[in-house]
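In case you want the letters, here they are:
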Amino acid sequence: MSDIIYTYKNNVYFNITNRCTCRCIFCIRNEKDTLGDAEELWHNHEPSLQEIKHAIDQFDFTGYQEAIFCGYGEPTCAYVNLIETAKYMKQKYPHIHLRINTNGLGELYNKRPIIDEMAEYIDAVSISLNAPNAERYQEVTQPSFENAFHEMLNFAKKAKETFSSVQFSVVSIINEQEITESQQLADKMGIPLKVRIYS
Ligand code: SF4
């Protein structure tokens, strides 16, 4: 069985699905099959909720203040398990801060609003902005949807109104001018931007 929970740089991560609606040119999945203390992050089947709960029951969360839905895939592609896992964590470990790293296309994929429900159980959201405009976004993330950039920005706008903590991220695979323009866009939307160094 591959790792549903793994640690990396003193953080805990949930790897609940390998499905994703993007094919980002910088995705670590293109380079490695594992990360941190995980032995294998490619699942041979989509983890069931029972398997995810079992992984939580087996994991020692002592000393961890935050757990992050991220993994080798887009967490909102396993939306029901995402919400049920967050609920289970809040029942079992109410002191642990829950964050989701998302491509912001979860409402497009699930064909329904999900932000309000997510915000009930998840404390913070980090959204992959990835590019300052639609044309570059298509090149960098290669999404399954044509209007993905616009919809991702809508998702971020709604998330800002709903979550107490929202952040954008870009990866330094885009050039400095594009990072500056991304910062300007993030500033205009009132959302902090994190620049992740591509390595
Ligand atoms: S959204 Fe995340 S998991 Fe999906 S391709 Fe991009 S970096 Fe990889």
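Remember, it's a predicted structure, so these values are computed and weren't measured experimentally.

Trainee: Go over the overall build of the chain with me, naming the residues and quoting the values.
Mentor: Across its full length, the chain holds seven helices and seven strands. Counting from the amino terminus, the chain carries its helices and strands in the arrangement β-β-α-β-α-β-α-α-β-α-α-β-α-β. Since a compact globule built from 199 residues should have a radius of gyration of about 16 Å, the 16 Å found for the chain is in line with a globular shape. Summarising its shape, the C-alpha atoms of the chain cover approximately 45 × 35 × 30 Å along the three principal directions.

Trainee: If you had to explain the side chain of Ser182 to someone new, which residues and values would you point to?
Mentor: With respect to the element layout, Ser182 can be found in helix α7 (residues 176-189). Residue classification places Ser182 among the buried positions, given a relative accessible area of 0%. At a separation of 2.8 Å, a polar atom in the side chain of Ser182 contacts the main-chain carbonyl oxygen of Glu178. Residues contacting Ser182, with those up to four places away along its chain left out, are Leu129, Ala131, Pro132, Val170, Ile174 and Leu193.

Trainee: Now, about the site of the ligand: what can you tell me, with residues and values included?
Mentor: Around the ligand, a shell composed of Cys20, Cys22, Arg23, Cys24, Phe26, Cys27, Arg29, Gly73 and Asn103 is seen. A majority-of-atoms criterion places the ligand in the largest pocket. Class assignment of the residues belonging to the shell around the ligand gives a composition of five nonpolar, two polar and two charged.

Trainee: Account for the UniProt feature "domain: Radical SAM core" (unreviewed entry) in the chain, naming residues and giving values.
Mentor: Here the UniProt-annotated "domain: Radical SAM core" (unreviewed entry) positions come out as residues 6-199. With 38% helix and 17% strand, the stretch residues 6-199 has end C-alpha atoms that lie 21 Å from each other.

Conventions adopted
- All chains use their own residue numbering, which begins from 1 and follows the written sequence.
- Owing to the predicted nature of the model, reporting of local features is limited to residues with pLDDT of at least 70; listing and counting of side-chain atom pairs is limited to 80 or more, with chain, interface and lining totals taken over all residues.
- Excluded from the side-chain calculations are hydrogens and water; all other atoms, namely the structure's heavy atoms, are used.
- Numbering of helices and strands starts at the N terminus; helices are DSSP runs of H or I of at least 4 residues and strands are runs of E of at least 2.
- In this description the radius of gyration comes from C-alpha coordinates, and the expected globular size is given by 2.2 Å times residues to the power 0.38.
- We call a residue buried when its accessible area falls under 20% of the maximum for its residue type, exposed when it is over 50%, and partly exposed in between, using a 1.4 Å probe and counting protein chains only.
- The definition of a polar contact used here is a pair of N or O atoms within 3.5 Å, where within protein one atom must be able to donate a hydrogen and the other to accept one, and adjacent residues in sequence count solely through side-chain atom pairs.
- Any two residues whose heavy atoms approach within 4.5 Å at even a single point are treated as in contact.
- The rule for a residue being near a molecule or strand is that one of its heavy atoms must lie within 4 Å of it.
- Residues are called lining when one of their atoms sits within 4 Å of a cavity or pocket point, these points coming from a 1 Å grid over the protein atoms alone, where a cavity is a set in which a 1.4 Å probe fits but cannot get out and a pocket is an open set with protein on both sides within 12 Å along at least five of seven lines.
- Think of it this way: if more than half of a molecule's atoms are within 2 Å of a pocket's grid points, that molecule is in the pocket or cavity.
- All amino acids are sorted into three groups, where Ala, Val, Leu, Ile, Met, Phe, Trp, Tyr, Cys and Pro are nonpolar, Asp, Glu, Lys and Arg are charged, and the leftover types, Gly among them, are polar.
- UniProt positions are given in the numbering used here, feature names are shortened, and annotations may be inferred rather than shown by experiment.

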